[in-house]
Amino acid sequence: MAENSKSAEATVLNTKILKKLKGAFQAFDTKSDNTVDIKEIGTIFYSLGFFPTQADLQKFTSEVEDERSGYIHWDRFLPAMTKVLLEDKFPPIADELLLQAFEVLDIEKRGYLKPEELTNYMTKEGEPFTQEEMDEMLTAFTDEEKKHIYYKDVIPHLTLERKM
């Protein structure tokens, strides 16, 4: 009985992971043809809570890109991402650590960052994001009404539960 419970739990978890992977991929499948531009792979990784280096991203894309077309097909992306998950290649950053990082940036302790503040930090510090990546992130995470990024609301979108 306990084994059936574990199996059902694993199936539910795997279904959730597959749904999140597919959702992240489809968000950038602009032609609705099960392909994404290789330039979007970094954003897809980040949206799933993976934080590979640029070198890691280049290696990943070279392994899964469709014949140097500049695109990656879902059928090649899924097995490669499954391998990333199984090998725990790019361990997630803990929610608490992400919160601490946002709180350090939020000097005034407001509970949010302004888009221009986040852009400044993310494009000029560490391994910088491109302006295109920032535009996509800001579109996804900026509160439309107040024009703020409430980081406690963003953190769950930056992580993927990966217990398998």
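Owing to the predicted nature of the structure, the values given are computational and were not obtained by experimental measurement.

**Comments concerning the packing of aromatic side chains**
To describe a pair of aromatic rings, you give the distance between the ring centres and the angle between the ring planes. One pass over the structure, following the stated rule, counts eleven aromatic pairs. Centre to centre, the rings of Phe 25 and Phe 77 are 5.0 Å apart; their planes meet at 40 degrees, and the pair counts as tilted. Highlighted residues: Phe 25 in helix α1 (residues 2-26) and Phe 77 in helix α4 (residues 74-87), separated in sequence by 52 residues. The burial state of Phe 25 is the same as that of Phe 77; both residues are buried. Judged by centre distance (5.8 Å) and plane angle (35 degrees), the ring pair of Trp 74 and Phe 77 falls under tilted. In this pair, Trp 74 and Phe 77 both sit in helix α4, three residues apart, roughly one turn of the helix. What links up through ring pairs into an aromatic cluster is the set Phe 25, Phe 45, Phe 50, Phe 60, Trp 74, Phe 77 and Phe 90.

**Considerations on unusual backbone geometry**
It is generally the case that most residues other than glycine have a negative phi and that most peptide bonds are trans. Located in the positive-phi region is Arg 68, a residue other than glycine, with phi close to 55 degrees. With respect to the helices, strands and loops of the structure, Arg 68 is situated in the loop between α3 (54-64) and β2 (71-73). Backbone geometry places Lys 147, a non-glycine residue, at a positive phi of 60 degrees. Tracing the sequence through the fold places Lys 147 in the loop between α7 (131-141) and α8 (151-154).

**With respect to α4**
The end-to-end C-alpha separation of α4 is 20 Å, in line with the 20 Å expected for 14 residues at 1.5 Å each. Those residues of α4 not exposed but buried are Trp 74, Phe 77, Ala 80, Met 81, Val 84 and Leu 85. Buried residues of α4, viewed axially, fall in a sector of 145 degrees; they line one side. Seen from the open side of α4, the exposed residues pointing more than 90 degrees away from its buried face are Asp 75 and Leu 86. Positioned one or two residues after α4, Asp 88 has a phi angle of 50 degrees, which is positive.

**Topic: the pattern of salt bridges**
For the structure shown, the criterion picks out four salt bridges. Between Asp 106 and Arg 110 there is a salt bridge whose closest N-O contact spans 3.6 Å. Here Asp 106 falls in the buried class, since its relative accessible area comes to 0%. Judged by its relative accessible area of 23%, Arg 110 falls in the partly exposed class. As a salt-bridge pair, Arg 110 and Glu 108 come within 3.8 Å of each other at their nearest N and O atoms. Sharing partners across several salt bridges, the network here consists of Asp 106, Glu 108, Arg 110 and Glu 117.

**Examining helix α6 (residues 115-124)**
Buried within α6 we find Pro 115, Leu 118 and Thr 119. For α6, the buried positions fall inside an angular range of 100 degrees around the axis, keeping them on one side. Pointing more than 90 degrees away from the buried face of α6 are the exposed residues Glu 116 and Lys 124. Where α6 is buried, its residues meet α5 (95-105) and α7. Just downstream of α6 lies Gly 126, where phi reads positive at about 55 degrees.

**Some thoughts on the UniProt feature "domain: EF-hand" (unreviewed entry) in the protein**
In this numbering, the UniProt entry assigns the feature "domain: EF-hand" (unreviewed entry) to residues 16-51 and 93-128. Here residues 16-51 runs as 50% helix and 8% strand, with 20 Å between its end C-alpha atoms.

**Regarding the nonpolar core**
Formed by 37 residues in total, the largest nonpolar core has its most connected members in Ile 41, Phe 60 and Phe 77. Listing elements by their share of this core, those giving two or more residues are α1, α2 (41-47), α3, α4, α5, α7 and α8. For this core, the element with the highest residue contribution is α4, accounting for six residues. Inspection of this core shows a minimum of three residues originating in each of domain 1 (1-87) and domain 2 (95-159). Not counting chain neighbours up to four residues away, the residues in contact with Ile 41 comprise Val 36, Leu 57, Phe 60, Thr 61, Ile 72 and Phe 77.

About the criteria used
- Residues numbered from 1 in each chain as written.
- Predicted model: local features only at pLDDT ≥ 70, side-chain atom pairs only at ≥ 80, totals over all residues.
- Heavy atoms only, no water.
- Phe/Tyr/Trp six-rings, centres within 6.5 Å; stacked < 30°, edge-to-face > 60°.
- Helix = DSSP H or I, 4+ residues; strand = E, 2+ residues; numbered from the N terminus.
- Buried < 20%, exposed > 50% of the residue type's maximum accessible area, 1.4 Å probe, protein only.
- Expected span 1.5 Å × (residues − 1).
- Arc of directions from axis to C-beta.
- Salt bridge = Lys/Arg side-chain N within 4 Å of Asp/Glu carboxyl O.
- Contact = heavy atoms within 4.5 Å.
- UniProt positions renumbered as here; feature names shortened; annotations may be inferred.
- Core = buried A, V, L, I, M, F, W, Y, C linked by side-chain atoms within 4.5 Å.
- Domains from an automatic or database assignment.

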